Each structure stands twice: as structure tokens, then as C-alpha cells.
Amino acid sequence: MSRIAFDRVVKRYGPHAALRSLSLDVAEGEFLSLLGPSGCGKTTALRLVAGFVTPSEGTIAIDGRDMAGVPPQRRDIGMVFQDYALFPHLTVAENVAFGLRERRQRAAAIAARVAELLALVQLPDLGGRYPAELSGGQQQRVALARALAFRPKLLLMDEPLGALDLKLREHMQVEIRRIQRSLGITTVYVTHDQGEAMAMSDRIAVMNRGRLEQLGPPEEIYERPQSRFVAAFVGKVSFLPVRVIGREGDHVRVAWAGVPLAAMPSGALPPAGAAMLVAVRPEAFVLQPEAAPADPELNALAGLVVERVYAGNLVHATVRLDGGATVVVETAADDALARDGTRVRVAWRAAKTMLLAAEDEKEAP
Amino acid sequence: MSGGGRIGRVAAGAFLAALYLFLFAPLLVVAGASLGGGDRPYVRFPPDTWSLEWYRRMPPGYLESLQVSALLAAATAVAALFLAVPAALALVRGRFPGRRLAGVMLRAPLQIPYVVTGIAFLQTYYLVGGAVGLNLRGHPVGLLLGHVFLATPYAIGALVAVLERFPPRLEEAAQGLGASGWRVFRRVTLPLIAPGIYAGGLYAFIVSFGEVPVALFLGGPGVTTFPVQVFAAMQFDFSPSLLAISTLTLIVSLVLLLALQRLIGIDTLLRAGGGRR
């Protein structure tokens, strides 16, 4: 049974539509990320669930109950804000106790629950401090403890790690996931960081310009993107504009600059002659010496290495293909071919060749 | 470098000393002269004799007017705050057409000379008196209305300044945790705007307590404020006891201010109203 159900939800601010007809179900115990660039509507979607804004059209149901007219304080939802929004005039313990006091629990029960939560977020001794006396990471944990203390039905998080540095962010990703799993609480997580979404989520909803682009587990989003936008937003990718030649076994034959390539179709087979895009991840490419014998199983294009970016354990080599386009190849740091000015052949498997519509669907006004 | 720094510090110290002397010299002269004693219609500083005589011979009218002023100023501060808190919330949070205009209008009393305000209120009271027989001139409520008019913009200014630094998500966070509108105000908004309430209340008190023109127009027998009393005494029957009561007022003001500072801790409150980090 789905905990949260968006049904054709539209949110307009004046003439601007922040959300255009979103339909989405979040399952019990699931960790779902709303991923997209700023302005894609992900935060609006979260605030609609929390009740801080109301839909212009459509309905949002929690546990099957339409939330129209239910104010935020009656929704029983824990929320973690990007800037934490801790109450500066209250101590850490008082912050965590806030939701419990609003529910008129007894002082002893509140104290026990606060201690339990501070232990859960691994800040057992900081109950007496004020938020201003904590580091960013500690404030983040307090915000999480406060959101969970009153045993909410749902947990919503709006870019909760945005203000932290990289190391702490990676650590907190693991922490948040551990806590979420141990409580089994249904969670909606808003982020613009695709790495974060992939590391934490059961499913990712990729959003763009107020629409849901694609919904699925992280592997599916990364390996089988359904649109140019998703392919480009999640991970690195090189695009080649191609024309369809026809079907060949379970592959599709396409041609780029006169060179035939084999690709995996992502949907219905497009007609011969159709303009499409081939998308390839950097790690799918291998560099070969230009003179080496060609493997007929692989797609292969000749080119010149024009740039090499060193990243410690690996390098990214930019190759200008003889047909004109450039592609980015990820290879080992000691790959002798990945040097500026080297003639190479770029090869990759048909199974790693994603075939996408050349243009994303035009925006409805 | 260090030599230049020392010269700089000495110069800065000398400048500060001169500034404080300039600001406080008149007060010191009044306080010193009040200890002279004897009968003479002029001020002498430093006094040639030392005595508390003028403190003992203080006319009772002074103390009465001081009491009137203190009560009036306190009532003005409370009333101004009751108007200023919702007004400031609307000005900072509200999303309604004409919000900027409303802000200008609410600050307008600051632009009007006190004398003009006094005359305007007096004329209005005459009109009201003529129409319904309710005479507000010389009535404490009439004076209170005038002072609330003068003082409210100051209280609004102090509260708007605090509210504009208020982290916007805090109220949503409280709501999400289960607090209804009134509970959000009581547990989050009010504690966080407290510095603005104290500062705004203090401004309102000071405006009311020190103001002459409006109190001159709107006061009357029984509602003579302290500054009006002093003003009249200076004009018509100077008595050295004026120096004594002025000094007393000065001391009481200072003690009150220090007590407030100690009690509330202006610094911690400013921090509480501050940001997230």
C-alpha cells in the first residue's frame, strides 16, 4: 500500500507552474529521492506533502486519506529543512522535545524519548547546548532527531546535507540511511546531488521543469535513462547524433557520420531514417591503439586525444572523433593511450550504447 | 608598527574622552550645581557650598508630575507594543497589495514635528468634544492617545528590524512539529522577537517620558507631565530644586537602564534573535 499518493498534482504560482501534473506513489518504508536541478519542482512537491502549500489542482493522499484542508500541524510528518531551522532560543534537548510537548506527553516520557533520540543520532551529551554552539553536522543530527522524536508517519528531508562539506556529507548519507532503515520510516528526500540520490535511495524520481522525467531504482536510472535530460543529469555521458538504419537481432543499427554502430533501443523501434541520440557513459569506453585489429563485436570510432584530466585513481580523456564530435573516456590513470595528441580508437559494447530520442519532448505552455 | 599603534590608541582614547565629556558635561554641571544649597535664582557650578537642602525643599508638585510621567510612559509603552507587534508582523510577513505604502504610513508620525501633532490632536479633541461632549483635553486618556501616536513608530521600527533577521523557516518547523498558530507564536515567534519588544518598549517609554510639546497641548490640571512641569518652572518660577529633581530623575533612569540590561541581558537577547549559526 502506498503511503503517499500524488494524483495529477499541479502547483501554479501566478502564471508560473512549479509543478505540472505530478503523479507518484511512495511505498511503505521506502526511501524515495526527488532529484533534479533547482526550479524543477522537487521542493514544491515536498512542501505540498508537508502542507505548507496547497495544490492548484489534483490531490495528495497520505495513507489513502486526501490531505486537502489538513493543516501541517495535523499531518504528523517529520521534516528536516536545508538550513535545519533549529530554534535558537531552545537547547538541543528542548528542540528535540518540541513535537512531544505539542503532543502533551508527560515530562518523564519526553525526557526518556529525547535521550533515546540523541543516542540514535550519536549526540548523547549535547542536550544542554544551544544550536549556535554546535557544528553544522551536529545541527543536522539535532534536526533529524527533532523530526523523528514524535514518531511521525513520514519523514521529509529538503536538501538536508547541502550545507555540509563533502566528507561530512558522505558520512551523513550513511548515517541517515542507517537510521531510516532501523526505523523503517517512509522517507522522501529532496536533492540536486545525483551521487547522493544514487547512494541513498530505493527509488529516484528525476524531475525537470515541474515534470517527472523518470522513476525507478538508481541502477535503472543510471543504466537505462529514458531521456536525454536524465542521461545527462545523472552521471557523465557523451552524446552522438545518429540516424536509424534498422533492426539487427536484438540491436538497432544506426549510423554516425557514415560509420555504422550497434545500439540498445530503450523503447519501441524508431523508423529507419529517424534522427536519434546515442549516449555512452565514460566508463563504457575503452581506448585502443589505432593500428590494433578491430573487434567486430564492438562499436569503434577513431580519434585524437585532446585533453586529459587526472583524478587520482583514474583519468578522463577527451577524444575528438574524426567525424567531428568529442567524447569523454574514463580509463586507468596509467593508460599510456590517454595522452594529449595520441591517435586512438574508442571502442565500446553495443549493450552499453543507449539510444534516446534526439529531442526531449517539447514543453507544453 | 607597534609605536604607530600606540599613538593611534592614545589618540582614539583622547577622542573618546573628549566625546564623553561633551555629552556628559551638562549633566555633570546640573548634578553638581544641585548640591549647592541656599536661596538664589541662578545656577552656580562648581557650588561654593555643599548641601542637600534643595533635595529636602523639593515642591510636592514635582514628585506628582514625575509619577504622572512614569505612569503615562509605561502605559504608552504597553499600548504601543500592542499595536506594533501585529503591525510589524504584517509589514514583514504579509503579502498584500499596498504593503510598502502601509509601512510608510505607519512610520509617518516620525516625520511630523511634535508641535504639529500636538495641535492636530488638540483640534481633533475640540471637534470630538463639540460633537459628543467627550472632553479628552486634559484627560489622561487624551494624553495617552497622543503619546501612543508618537511612540508606536519607534516600537514598529525596533520590531521590524528584529523580524527581518528572523530565520523564515522556524515557524514552519514549529508547525510541522504539531504547533497550531497560537502555539507557534507563543513558543517560537514571541521569544525570538523579545529583543525587539524590549527595545521597542524602551523607545516608546523614553519618547513619552521626555516629550514636551504634545503634553503641553493635551495636558491640563492633574495631568501635568514632568517635562512640562520643568518647562513651566524654568519659565515662570525658577527654583534650584529643579536641579535636584532633574538629578534624581537622571539617577533613577540610569539605575533602571542598568537593571534592564542586567535582567534581560541585551547581548544574549540579540543573539537569540539572530541567525542559525
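Every value quoted in this text rests on a predicted model; they were computed, and no experiment measured them. (Residues numbered from 1 in each chain as written. Chains lettered and ligands numbered in written order. Predicted model: local features only at pLDDT ≥ 70, side-chain atom pairs only at ≥ 80, totals over all residues. Heavy atoms only, no water.)

## A look at the overall build of chain A
Then, number 1: Looking only at helices and strands, chain A features eight helices and 20 strands.
Then, number 2: Its C-alpha atoms give chain A principal-axis dimensions of roughly 80 × 45 × 35 Å.
Then, number 3: Look at the contacts in chain A between residues 6 or more apart in sequence, and 68% of them connect residues 24 or more apart.
Then, number 4: For chain A, the accessible area works out to roughly 16,200 Å², and carbon and sulfur atoms hold 52% of it.
Then, number 5: When the 43 basic and 42 acidic side-chain charges of chain A are each reduced to a single mean position, those positions are 5 Å apart. (Helix = DSSP H or I, 4+ residues; strand = E, 2+ residues; numbered from the N terminus. Contact = heavy atoms within 4.5 Å. Areas by Shrake-Rupley, 256 points an atom, 1.4 Å probe, with all protein chains shown as cover. Lys, Arg positive; Asp, Glu negative; His and termini not counted. Charge placed at Lys NZ, Arg CZ, Asp CG, Glu CD.)

## Things to note about the sheet that holds strand 16 (residues 298-310) of chain A
Residues and elements named next belong to chain A.
Then, number 1: The five strands lie next to each other as 15-19-16-17-18, forming an open sheet whose pairing is antiparallel. In the strand order of this sheet, the two ends are held by strand 15 (286-289) and strand 18 (326-332), each with one partner. Taking each pair of neighbouring strands and ignoring which way they run, the sheet shows an average axis angle of 50°.
Then, number 2: Both strand 15 and strand 19 (residues 343-349) contribute to a ladder of four bridges, which runs antiparallel. Paired with Gln-288 across the strands is Arg-345, a residue of strand 19. (Pairing = 2+ DSSP bridges. Axes fitted to C-alpha atoms, helices over the stretch in contact; angles between N-to-C directions.)

## Brief notes about the layout of surface pockets
Residue and element names in this part refer to chain B.
Then, number 1: Within this model, the largest pocket holds a volume of roughly 660 Å³.
Then, number 2: What lines the largest pocket is a set of 21 residues, among which Leu-202, Phe-205, Ile-206, Ser-253 and Leu-256 lie closest to the centre.
Then, number 3: Of all the secondary structure elements, the ones that give two or more residues to the lining of the largest pocket are helix 3 (60-93), helix 8 (181-210) and helix 11 (241-264).
Then, number 4: Class assignment of the residues belonging to the lining of the largest pocket gives a composition of 17 nonpolar, four polar and no charged. (1 Å grid on protein atoms, 1.4 Å probe; cavity = no way out; pocket = protein on both sides within 12 Å on 5 of 7 lines; lining within 4 Å. Points joined across faces, edges and corners; volume = space filled by probe spheres on them. Nonpolar A, V, L, I, M, F, W, Y, C, P; charged D, E, K, R; others polar.)

## Some remarks on the interface of chain A and chain B
Then, number 1: Taken together, the contacts link 22 residues of chain A with 21 residues of chain B.
Then, number 2: Looking only at chain A, the three residues that lose the most surface to chain B are Gln-73, His-89 and Glu-102 of chain A, adding up to 25% of its buried area.
Then, number 3: If you look at where chain A meets chain B, you find three salt bridges.
Then, number 4: Inspection of the region where chain A meets chain B yields seven residue pairs in polar contact (both at pLDDT 80 or more).
Then, number 5: Sorting the residues of the side of chain A that touches chain B by element identifies helix 2 (92-102) and helix 4 (136-149) of chain A as the ones contributing at least two each.
Then, number 6: In terms of residues, the side of chain A that touches chain B owes the most to one element, helix 2 of chain A, which gives four residues. (Buried area = accessible area lost by both parts, 1.4 Å probe. Salt bridge = Lys/Arg side-chain N within 4 Å of Asp/Glu carboxyl O. Polar contact = N/O pair within 3.5 Å; in protein donor to acceptor, adjacent residues only side chain to side chain.)

## As for unusual backbone geometry
Residues and elements named next belong to chain A.
Then, number 1: Despite not being glycine, Ala-85 shows a phi value in the positive range, around 55°.
Then, number 2: Relative to the elements of secondary structure, Ala-85 occurs in the loop between strand 6 (77-80) and helix 2.
Then, number 3: You will see that Ala-257, though not glycine, has its phi angle at about 50°, which is positive.
Then, number 4: Mapped onto the elements of the fold, Ala-257 is located in the loop between strand 12 (251-256) and strand 13 (259-265).

## Focus on the side chain of Gln-140 of chain A
All names here are of chain A.
Then, number 1: With respect to the helices, strands and loops of the structure, Gln-140 is situated in helix 4.
Then, number 2: Among the residues examined, Gln-140 registers a relative accessible area of 0% and is labelled buried.
Then, number 3: Excluding residues that lie within four positions of it along the chain, Gln-140 makes contacts with Val-80, Tyr-84, Met-157, Pro-160, Leu-161, Leu-164, Met-172 and Ile-176. (Buried < 20%, exposed > 50% of the residue type's maximum accessible area, 1.4 Å probe, protein only.)

## Section: a nonpolar patch on the surface
All names here are of chain B.
Then, number 1: Together, Phe-15, Leu-16, Leu-19, Tyr-20, Phe-22, Leu-23, Phe-24, Leu-27, Leu-28, Leu-250, Ile-251 and Val-255 give the surface a local cluster of nonpolar side chains, amounting to about 1,200 Å² of exposed area.
Then, number 2: Broken down by secondary-structure element, the contributors of at least two residues to the nonpolar patch are helix 1 (2-33) and helix 11.
Then, number 3: When residues in the nonpolar patch are grouped by element, the largest group, nine residues, is from helix 1.
Then, number 4: Note that Phe-24 resides in helix 1.
Then, number 5: On the basis of relative accessible area, Phe-24 is assigned to the partly exposed category, the value being 42%. (Patch = residues over 30% accessible without salt bridge, like charges linked within 9 Å, V, L, I, M, F, W, Y side chains within 5 Å.)

## Some details on the pattern of salt bridges
Residue and element names in this part refer to chain A.
Then, number 1: If you walk through the whole model with that rule in mind, you get 20 salt bridges over all chains.
Then, number 2: For Asp-63, the salt bridge is made with Arg-3, and the minimal N-O distance between the two is 2.4 Å. Taken together, the residues Asp-63 in the loop between strand 4 (57-62) and strand 5 (65-66) and Arg-3 in strand 1 (residues 2-13) connect sequence positions 60 residues apart.
Then, number 3: Taking the relative accessible area as the measure of exposure, Asp-63 reaches 28% and is therefore partly exposed.
Then, number 4: With relative accessibility at 10%, the residue Arg-3 sits in the buried group.
Then, number 5: Note that Glu-30 is salt-bridged to Arg-203, the shortest N-O span being 2.4 Å. Linking Glu-30 in the loop between strand 2 (16-27) and strand 3 (31-35) with Arg-203 in strand 9 (residues 203-208), this pair joins segments that are 173 residues apart in sequence.
Then, number 6: What makes Glu-30 buried here is its relative accessible area of 7%.
Then, number 7: Via salt bridges that share partners, Arg-3, Glu-28 and Asp-63 belong to a single interconnected network.

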